[in-house]
Amino acid sequence: MRALIPSWFTSFSLSDFSFGSKLKELTTKFEKIVKDKNDLGLIEKSNVKFEERLESTPLYDESRVYGRDAEKERIIQLLSGSETRVAGCTLLVTTRNKSVVSKIRATSEYPLEQLSLYESVSLLASYAFGNETKLDEFPDLKDMGDGEAYNKDENIRHLSFVSSRYDTLKRFKNISELKQLRTFLALYRGINKERSELPNNIGHLKLLRHLDLSWSHITRLPDSVTTLYNIQTLILYQCSYLVELPKEIKNLIELHKLDLDYTKNLREMPSGISSLTKLQTLSKFIVSMGDKHQIRELQELTRLRGKLSIYGLDNVQDIKDVRCANLKGKEGLDDITLIWSSEFYDSRNLELEMMVLNSLEPTKNLKVLQIESYGGNYFPSWLGKPYFANMVRIALLGCKKCKSLPSLGSLPLLKYLRIEGMDRVERVGPEFYGSKSFPNLETLEFENMAHEKMCGAFVLIVEKSGVLTIESYSSVVQLPRAFRTKIT
């Protein structure tokens, strides 16, 4: 037998080919597998027959598919047809995020639109009362689905609705039938993409006290709104498509609150606002280009309180009008924003703007002050006086012509100070932070400034305020190491 075995085979050793170490490694692995099997309590079985797995099928409950008659067959075809199948299995993903479709590389997709209100209520009824329920069996629910429930009771006093993509203000074409209505509120749901308008017959609701159209996409209010002589609250908050107010809004002499916050496309205000002498809240006032004396109308609004933003101050022509506005005498105002045009065109009278801001001295009760796009070279002396002991927040934004900062360091309660876009500032020193150096300042922010002129001036401020934020400073500025570690 040995003669039959090649001589090269009888001469090798396991160590020559590292078979010994390989065999030892495999043995260790098998031992671990056996140990894991025992730890998990697995039992060895033989002669086990595995049945062939049945083909999976999509599961859907057709009895609870409402609406989408034109889509139903297509949806079922997608779930049961071969076009969505691949070898092995089919994975169905439902998502509201379109980016998911591209990430999973879906073979097909089918976008679904939102259910109508009627279909949504039908689905609700099926879950509440059983699959065989018909919406016609519940008249109240049916009326709700039709959007006409409010017409069934003419004595309704308070009405609200959730704005949605399709069920907009057009649903209320018959709202004039609710003669006793006092409150009408549009509740925001975040998906109303459709621009819509109030029906003109809303003017028939003579007892209406509160009208809230927050976040709606109205562009105008119907003129009939100005015949709602008992209305006390008109809220147009975040109506970003609103472009004008009714010319006769001055007729609403019972109005206490006119909220125009975040109406970015509203750039003019009708004359006669001074007639609304009961106004307590007027969040936005505009000096229109066509009425350069308009700021004088604030004189009669002695009850104003809370927040007031004045736009279009570059349209003021007569300093006497500004003095008549008398912000200093409106002690209920604690949050004031003063805004000029962000365009520094040649026709702007910078000397006049300095006098305007000087005459807009606010009440001593002021807590928040913001000045935007002011065109003067210097700030008035009243800004920063210890007289404003309640001031907690100041923002000076886009005042590109200013050559120096106001003295603000002595304000005892100031916590937040933001200065942006004042790139003509030539010096920042003790005249800015003073001997007290902002005793309670928590946040100091500078953005788009000529930082090479300001670097060494903030050591005292940083040590006492605790937080310093600097953005967009030049790369040539070499900040001290201790200074950099405190930038957040």
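This structure is a prediction, so every number in the text was calculated from the model and none was measured. (Residues numbered from 1 in each chain as written. Predicted model: local features only at pLDDT ≥ 70, side-chain atom pairs only at ≥ 80, totals over all residues. Heavy atoms only, no water.)

(A) Seen up close, the nonpolar core. By size, the foremost hydrophobic cluster in this structure holds 80 residues, and its most contacted members are Leu 236, Ile 295, Ile 310, Ile 371, Phe 379 and Leu 417. Residue contacts for Ile 295: discarding those within four places in its chain leaves Phe 285, Val 287, Ile 310, Leu 313, Val 316, Asp 321, Val 322, Ala 325 and Leu 360. (Core = buried A, V, L, I, M, F, W, Y, C linked by side-chain atoms within 4.5 Å. Buried < 20%, exposed > 50% of the residue type's maximum accessible area, 1.4 Å probe, protein only. Contact = heavy atoms within 4.5 Å.)

(B) Representation of the environment of Pro 246 within the structure. Here Pro 246 shows up in the loop between β4 (233-235) and β5 (257-259). Pro 246 sits 23 residues away from Asp 223 along the chain, and the two C-alpha atoms are 5.7 Å apart. Aside from chain neighbours lying at most four places away, what touches Pro 246 is Leu 221, Pro 222, Asp 223, Thr 226 and Pro 270. (Helix = DSSP H or I, 4+ residues; strand = E, 2+ residues; numbered from the N terminus.)

(C) Representation of unusual backbone geometry in the model. Unlike most non-glycine residues, Trp 215 shows phi in positive territory, near 70°. With respect to the helices and strands, the residue Trp 215 is situated in the loop between β3 (210-212) and β4.

(D) Geometry of the packing of aromatic side chains. Counted according to the given criterion, the structure contains 6 aromatic pairs. Aromatic pair Tyr 387 and Phe 388: ring centres 5.1 Å apart, planes at 80°, arrangement edge-to-face. Through a chain of ring-to-ring contacts, three or more aromatic side chains come together here, namely Trp 215, Tyr 237 and Tyr 262. In this arrangement the basic side chain of Lys 284 is found over the ring face of Tyr 311, its NZ or CZ atom lying 4.8 Å from the centre. Here Arg 348 stacks its cationic end above the ring of Phe 344, 4.4 Å away from the centre of that ring. (Phe/Tyr/Trp six-rings, centres within 6.5 Å; stacked < 30°, edge-to-face > 60°. Lys NZ or Arg CZ within 6 Å of the ring centre and 35° of its normal.)

(E) How the structure looks around the pattern of salt bridges. Applying the stated criterion across every chain, the model contains 8 salt bridges. The salt bridge partner of Asp 321 is Arg 296, with a shortest N-O separation of 2.8 Å. Taken together, the residues Asp 321 in helix α7 (residues 319-325) and Arg 296 in the loop between β7 (284-286) and β8 (305-311) connect sequence positions 25 residues apart. The partner of Glu 420 in a salt bridge is Arg 418, and the shortest N-O contact between them spans 2.8 Å. Looking at Glu 420, the relative accessible area reads 22%, which means it is partly exposed. The exposure class assigned to Arg 418 is buried, which follows from its relative accessible area of 18%. (Salt bridge = Lys/Arg side-chain N within 4 Å of Asp/Glu carboxyl O.)

Limitation: the analysis is restricted to geometry and does not speak to function.
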